[in-house]
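Structural description and commentary
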Amino acid sequence: MLGRTIWMSAVATMLLPLFSVPTFADEPFRLFGCSVGDSQSDFISLYGVEQDDGTWTRLQFLIAKNGIIAALVPGQPLAGSGPFYFSNSDGPEGYYAQVRFNWDGRDYLLHMLDIPPEPGQDDDMGGRWAGVQITEPTGASYDLPCGETDEYIGYMARAMNCDMTNRYGAAGCDFDVRPERAADDKLPEGSAP
């Protein structure tokens, strides 16, 4: 665990220049993080900086594999909107949220599913599943499934643009009153275990 902490500190130190020189109120906050599979050195993270007025800037998406940064997606500039789009919904499979963005010709879909406990199963605590689906310019796609995950979905909803491509429009971006998925509204392929 100490080795992972030291490695994560080293990565955080490498990332700080990407966010300019931070002040106390300008520290990057991790909105989402997960290990990739069971690996200690491979992870996916989404960072941002919350300003005093509640707006978010400098969102950054990062994939590190084998200790090397494999993808770094720069996000929102200091003014204006960036490339990250959020939507969410509830349904029988559980609470589902996704972040969609495009960078360097690739489409990314970060998806998170909170699975409720089975009714009548006292020992079932439910679960959480997350991953990133990456689609190459050629149309080929693959998934990076997450291992241990931490997420701050309410902050993501405030930090990002509303993904108006979801079937519920602006309602699909409301974290507090999220829409109920219709019977024919299936989760995207690769977004469930």
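Structure first, text after, so check above.
Given the structure is predicted, the values throughout are model-derived calculations rather than measurements.

1. A look at the overall build of the protein chain
From N to C terminus, the protein chain includes 2 helices and 10 strands. Helices and strands appear in the protein chain in the N-to-C order α-β-β-β-β-β-β-β-β-β-α-β. Out of the 193 residues in the protein chain, the part that is buried amounts to 41%. A separation threshold of at least 6 residues defines the contact pool for the protein chain, and within that pool the share at least 24 residues apart is 46%. For the protein chain, the accessible area works out to roughly 10300 Å², and carbon and sulfur atoms hold 56% of it.

2. Quick look at the layout of surface pockets
Reported here for the largest pocket is a volume of approximately 190 Å³. Along its surface, the largest pocket is lined by 14 residues, and Ser89, Tyr96, Gln98, Asn166 and Asp185 are the ones closest to its centre. When residues of the lining of the largest pocket are traced back to their parent elements, those giving at least two are strand 5 (85–89) and strand 6 (95–103). Looking at the lining of the largest pocket element by element, the count peaks at 3 residues for strand 5. By volume, the second largest pocket is sized at about 150 Å³. Forming the walls of the second largest pocket are Ile63, Lys65, Ala70, Ala71, Trp103, Asp104, Arg106, Tyr108, Ile134, Tyr142 and Leu144. Put simply, the parts of the chain that give the lining of the second largest pocket at least two residues each are strand 3 (56–65), strand 4 (68–74), strand 7 (106–115) and strand 9 (141–151). Residues belonging to the lining of the second largest pocket are distributed by class as follows: 8 nonpolar, no polar and 3 charged.

3. Regarding the pattern of salt bridges
Within this structure, the stated rule accounts for 11 salt bridges. In this structure, glutamate 136 and arginine 106 form a salt bridge, with 2.9 Å as the shortest nitrogen-oxygen distance. With glutamate 136 in the loop between strand 8 (127–135) and strand 9 and arginine 106 in strand 7, this pair connects stretches of sequence that are 30 residues apart. Its salt-bridge partner being arginine 167, residue aspartate 184 comes within 3.2 Å of it at the nearest N-O pair. Of this pair, aspartate 184 sits in the segment after strand 10 (161–162) while arginine 167 sits in the segment after strand 10, placing them 17 residues apart in sequence. Of the residues examined, arginine 167 reaches a relative accessible area of 48% and is grouped as partly exposed.

4. Quick look at the environment of tyrosine 142
Its place among the elements puts tyrosine 142 in strand 9. Between the C-alpha atoms of tyrosine 142 and valine 132, which are 10 residues apart in sequence, the distance is 8.4 Å. In this structure tyrosine 142 touches Val132, Gln133, Ile134 and Glu136, once residues within four positions along its chain are discounted. At a separation of 3.2 Å, a polar atom in the side chain of tyrosine 142 contacts the side chain of glutamate 136.

5. Quick notes on a nonpolar patch on the surface
A cluster of nonpolar side chains, namely Phe29, Tyr152 and Tyr155, defines an oily patch on the protein surface of about 260 Å² accessible area. Checked against the element boundaries, phenylalanine 29 lands in strand 1 (residues 29–36). A relative accessible area of 31% means that phenylalanine 29 is categorised as partly exposed.

Each value, and the rule that gives it
- All residue numbers here refer to positions counted from 1 along the written sequence of the relevant chain.
- Where totals are concerned, whole chains, interfaces and linings use all residues; where local detail is concerned, this predicted model gives features only for residues with pLDDT of at least 70, and gives and counts side-chain atom pairs only at 80 or more.
- Excluded from the side-chain calculations are hydrogens and water; all other atoms, namely the structure's heavy atoms, are used.
- Numbering goes from the N terminus for both helices and strands, where a helix is a DSSP run of H or I of at least four residues and a strand is a run of E of at least two.
- Any residue under 20% of the maximum accessible area for its type is buried, any over 50% is exposed, and the rest in between are partly exposed; the area is computed with a 1.4 Å probe on protein chains only.
- The contact criterion used is simple: two residues touch if any of their non-hydrogen atoms lie within 4.5 Å.
- Where accessible areas are quoted, they stem from the Shrake-Rupley method and a 1.4 Å probe; at the residue level, only the protein chains shown are allowed to cover.
- Lining residues are defined by having an atom within 4 Å of a point belonging to a cavity or pocket. Those points lie on a 1 Å grid over the protein atoms alone, cavities being sets where a 1.4 Å probe fits but cannot get out and pockets being open sets with protein on both sides within 12 Å along at least five of seven lines.
- Grid points are joined across faces, edges and corners, and a volume is the space filled by probe spheres set on the points.
- Under the convention adopted here, Pro, Cys and the residues Ala, Val, Leu, Ile, Met, Phe, Trp and Tyr are nonpolar, Asp, Glu, Lys and Arg are charged, and Gly plus all remaining residues are polar.
- Any Lys or Arg side-chain nitrogen found within 4 Å of a carboxyl oxygen on Asp or Glu counts as a salt bridge.
- Whenever two N or O atoms come within 3.5 Å, that pair is a polar contact, provided that in protein one can donate a hydrogen and the other can accept it, and provided that, for residues adjacent in sequence, both atoms are side-chain atoms.
- Within the patch definition used here, like charges are joined within 9 Å and nonpolar side chains (Val, Leu, Ile, Met, Phe, Trp, Tyr) within 5 Å, considering only residues with over 30% relative accessible area and no salt bridge.

The quantities given are spatial measurements derived from coordinates; they are silent on function.
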